[in-house]
Amino acid sequence: MSFLELNVQRRKSQPSGSLKAAFKNLNNPATMVPFLFKVPREKDEQSKEAESNTSPKVSPPVSDIEIDELEGIGPATKEKLNNAGILTVTDLAVKSPSEVAEAIGSDLARAVELCGKARIKLVELHYLDDDFVPASEIYKKRKAIERISTGSKNLDDLLAGGIESQAVTEFYGEFGSGKTQICHTLCVMVQQPKEQGGLSGTVVYIDTENTFRPERIVGIAQARGYDPDPVLNGIIVAKAYNSSHQELILGELGARVREFRVRLVIVDSAVAHYRAEFLGRGTLSERQQRLNKFMHALVRTAEIYNLAVVATNQVQSSPDTFFGDPTKATGGHVVAHTSTYRVYVRKTGKNRVARMVDSPYHPEREALFVLDEKGIDDPPEESSSRRRVT
Ligand code: GTP
Ligand code: MG
């Protein structure tokens, strides 16, 4: 069942007036899903069946244990947590204690205790790693990492096979460098079967700059020989109107991930709202704190749900007005330190160059790609496609 059908079904079962506005975009080719309401817990048989047919064998399973199965959570706490979108033990483990404290109106100590219990439960059930683990276990877990092709072989090579699950990959660069085009292409690629570079999964696109274009998705899908309709139905677009809304959307993500087999979350751009809202030196520390919290929530989401996260970030065109280094992304050290992989993209004539920056294991080198009807693609002459950084 497609997002569209599921949402229509939901609309029938939850015809509240406040939701009407949120659903007004349902006729759009790419579905705009309102994240700010409780999702019905039942899945219909058809979607369950579809899920079991397409589940990749190597993915670690995601826990679906209700939170009241944790010791110390009574009906009142359960209701408060549910109202904040925290439905399962996994949802609780993904949250930071301060978010949980706010949700249940408790002090931080109680929230830390609850988050700790959720973590322990997941460790006991082997959904999460213990705090102390042999390297062999980490190696085994890393072997379960899956990759999504970017659509460009050169860029895939740079990323050692594509965008990784369980990680946050940041693309940063100047305006027009191709960050949004990379995101659009990934929306198409992730839905393809493994043999074609995808994960047979769906994608959540958190659009903060109003630059998501369903027409572009149609064009990319057609150019790659895919039927555009199912591709559009496999993309949930969440428009974030400000930084708080962006944080709220991420908080509501857990239910969607389970329901729609989401394998990729895109935040384009992660930093734009923070940059626009927190102006001046005086607000820098609050901005960095909020951004830090957001980025850490992204990392936890990627790890716990075994999905890939892609975040974009713009480089300042007048660098001296902000951070001083033209190749430094606007999120400063916060985004840089939190992202697992960072790729700097820049224009060079008609081509684009991507450079892997500060990766723990990728060699530091560059790859050439182009923007064309396929979204992102390799340049026509393979001979000029790769070069080592000297
Ligand atoms: P900001 O969001 O402003 O920071 O830029 P960005 O890095 O996200 O740039 P984006 O990915 O939007 O790239 C814009 C460029 O993509 C344009 O300058 C075009 O060169 C190219 N582009 C966009 N749409 C198309 C298209 O339909 N066909 C082709 N061939 N190129 C396109
Ligand atoms: Mg963009």
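Everything numeric in this text was worked out from a predicted model, so none of it was measured.

A. Just the overall build of the protein chain, in detail. For the protein chain, the helix and strand inventory stands at 17 helices and 13 strands. A total of 390 residues make up the protein chain; the buried ones form 42% of that total. The contacts in the protein chain between residues at least 6 apart in sequence include a share of 66% that link residues at least 24 apart.

B. Summary view of the packing of helix α13 (residues 243–251) against helix α16 (residues 284–304). Orientation of α13 relative to α16, taken along the N-to-C sense of each, is 20°, at an axis distance of 11 Å. Compared by their axis directions, α13 and α16 come out roughly parallel. Crossing angle aside, the handedness with which α13 passes α16 is left-handed. Side by side, α13 and α16 meet where Ser243, Glu247 and Leu250 of the first sit next to Arg290, Phe294, Ala297, Leu298 and Thr301 of the second. Split by residue class, the contact of α13 with α16 holds 4 nonpolar, 2 polar and 2 charged.

C. Region of the structure containing the site of ligand 1. The environment of ligand 1 is formed by 16 residues, the closest being Phe175, Ser177, Lys179, Thr180 and Gln181. Among the secondary structure elements, those contributing two or more residues to the shell around ligand 1 are α10 (179–189), α11 (214–223) and β11 (366–372). Among the elements that take part in the shell around ligand 1, α10 stands out by supplying 3 residues, more than any other.

D. Up close: helix α6 (residues 97–104). When α6 is considered as a whole, its buried residues turn out to be Val100, Ala103 and Ile104. Across the axial projection of α6, the buried residues extend over an arc of 80°, all falling on one side. Among the structural elements, α4 (75–83), α5 (89–94) and α7 (108–124) are those in contact with the buried residues of α6. At the C-terminal side of α6, Gly105 shows a positive phi close to 65°.

E. View of the pairing of strand β9 (residues 341–348). Bridge count between strand β4 (residues 167–173) and β9: 5 bridges; the pairing is parallel. The residue bridging Phe171 from the neighbouring strand is Val343, located in β9. Between β9 and strand β10 (residues 351–357), which pair antiparallel in sequence order, lie 2 residues; one of them, Gly349, sits at a positive phi of approximately 60°.

F. Looking closely at the nonpolar core. Core analysis: the largest hydrophobic core is formed by 88 residues, its most contacted members being Leu92, Leu186, Tyr205, Leu264, Ile266 and Val310. Residues lining this core come from more than one domain, with at least three contributed by each of domain 2 (62–124) and domain 3 (145–382). Excluding anything up to four places from it in sequence, Tyr205 contacts Cys187, Phe212, Ile235, Ile236, Val237 and Ile266.

G. Just the confidence of the model for the protein chain, in detail. In the predicted model, the protein chain carries a mean pLDDT of 79, and 76% of its residues have values of at least 70. With pLDDT under 50 throughout, residues 385–390 is counted as low confidence; its partners more than four residues away or in other chains account for 12 contacts.

H. Structural context of unusual backbone geometry. Here Asp268 and Ser269 are connected by a cis peptide whose omega angle stands at -5°. Its place among the elements puts Ser269 in the loop between β7 (262–268) and α15 (272–277). The backbone of Ser200 sits at a positive phi, close to 45°, despite the residue not being glycine. In this structure, Ser200 sits in the loop between α10 and β5 (202–207). Positioned with a positive phi, Arg261 is a non-glycine residue whose angle comes to about 50°. Locating Arg261 in the fold gives a position in the loop between α14 (253–260) and β7.

I. Broad picture of the environment of Thr340. Mapped onto the fold, Thr340 is located in the loop between α17 (332–338) and β9. Note on Thr340: 18 C-beta atoms within 10 Å, which makes it partly exposed. Counting along the chain gives 173 residues from Thr340 to Ala167, while the straight-line C-alpha distance between them is 5.7 Å.

J. The arrangement of the environment of Ala93 in detail. Assignment of secondary structure puts Ala93 in helix α5. By the C-beta count within 10 Å, which is 25 here, Ala93 ends up buried. C-alpha separation for the pair Ala93 and Ile304, spaced 211 residues apart in sequence, amounts to 8.4 Å. Leave out the neighbours within four places in its chain, and Ala93 touches Cys115, Ala118, Arg119, Leu122 and Ile304.

K. The environment of Ala221, seen in detail. With respect to the secondary-structure elements, Ala221 resides in helix α11. Sequence separation between Ala221 and Met189 is 32 residues; the distance between their C-alpha atoms is 8.7 Å. Beyond its immediate stretch of four places on either side in the chain, Ala221 contacts Val188, Tyr226, Pro228 and Val231.

Thresholds applied
- Residues numbered from 1 in each chain as written.
- Chains lettered and ligands numbered in written order.
- Predicted model: local features only at pLDDT ≥ 70, side-chain atom pairs only at ≥ 80, totals over all residues.
- Helix = DSSP H or I, 4+ residues; strand = E, 2+ residues; numbered from the N terminus.
- Buried ≥ 20, exposed ≤ 12 C-beta atoms within 10 Å, placed from the backbone.
- Contact = placed C-beta atoms within 7 Å.
- Axes fitted to C-alpha atoms, helices over the stretch in contact; angles between N-to-C directions.
- Parallel < 35°, antiparallel > 145°, perpendicular 65-115°, else oblique.
- Left-handed = near helix turned anticlockwise from the far one by under 90°.
- Nonpolar A, V, L, I, M, F, W, Y, C, P; charged D, E, K, R; others polar.
- Near = placed C-beta within 6 Å.
- Arc of directions from axis to C-beta.
- Pairing = 2+ DSSP bridges.
- Core = buried A, V, L, I, M, F, W, Y, C linked by C-beta atoms within 7 Å.
- Domains from an automatic or database assignment.
- pLDDT = per-residue confidence, 0-100.

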